[in-house]
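# Close look at the chain arrangement
Now for the letters of each chain:
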Amino acid sequence: MSFNNLDNLYRQVIMDHYKNPRNHGSLSNGALTLEMNNPTCGDRIQLHLLIEDGIVNDVKFEGEGCSISLASASMMTQVIKGQEVETALKLSQYFSDMMLGKDVDPADLELGDIEALQGVAKFPARIKCATLAWKAMEKAVDQNEQP
Ligand code: ZN
């Protein structure tokens, strides 16, 4: 599968995150860890999230998979780190809408590099790759909020 339809600049941003992942590694004490797989592609993301007082104080990821899944995880950690959990969830909703090809106003969200993945919406088979890390984050937040 080729990404010729992806804009060249965006492709470069994706490859940069894939080759030089941001916030790669693990977190120790107190962090939530959640692993998610995308069997159709063989992607596996392990997300570590440290939430304190409603803020994503730290986030790291490990895993293996295609360039889209790992680049998306890297971009996600960059944009949600230091944000309120609520904002991280809003970003996730925005990202999911973007993958559905919806034209949504990001309002005051800081998107970082995630817009580079908007072309993935044209490749339905790859959308699960792009949303994997985000789903892991949503699930981790959900578990954190359980009493
Ligand atoms: Zn994949």
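Residues numbered from 1 in each chain as written. Predicted model: local features only at pLDDT ≥ 70, side-chain atom pairs only at ≥ 80, totals over all residues. Heavy atoms only, no water.

## Description of the sheet that holds strand β1 (residues 32–38)
Selection criterion: The criterion for strand pairing is that DSSP finds at least two bridges linking the strands in question. Labels follow the DSSP assignment, with helices taken as runs of H or I lasting at least four residues and strands as runs of E lasting at least two, numbered in each case from the N terminus. Each axis is a line fitted through C-alpha atoms, taken for helices only over the stretch in contact, and angles between the N-to-C directions span 0 to 180 degrees. Whether two residues are in contact is decided by their heavy atoms: any pair within 4.5 Å suffices.
Taken in spatial order, the three strands of this open sheet run β1-β2-β3, and their pairing is antiparallel. The sheet terminates laterally at β1 and β3 (55–64), the two strands that pair on one side only. Strand-to-strand twist in this sheet, taken as the mean axis angle between neighbours without regard to direction, amounts to 20°. Contacts between helix α4 (residues 127–145) and the sheet are confined to β1 and β2 (43–52), with β1 contributing the most and set at about 145° to the helix.

## Here we look at the confidence of the model for the chain
Spelled out, the test is: Confidence scores here are pLDDT values: one per residue, from the predictor, ranging 0 to 100.
On average, residues of the chain carry a pLDDT of 93, and 95% of them reach 70 or more. Averaged pLDDT values over the elements of the chain bottom out at 92 in helix α1 (residues 8–19) and peak at 98 in helix α2 (residues 67–80).

## Focus: the pairing of β2
The cut-off we apply is this: Accessible area is worked out with a 1.4 Å probe on protein chains only. A residue is then buried under 20% of its type maximum, exposed over 50%, and partly exposed in between.
Counting buried positions over the ten residues of β2 gives seven, a clear majority of the element. Once β1 ends, the chain turns through four residues before running back antiparallel as β2, passing Gly42 with a positive phi of about 85°. Judged from the nine bridges that link them, β2 and β3 form a sheet pairing that is antiparallel. The residue bridging Leu50 from the neighbouring strand is Asp58, located in β3. The antiparallel pairing of β2 with β3 creates a hairpin that spans two residues between the two strands, and Asp53 there sits at a positive phi of about 50°.

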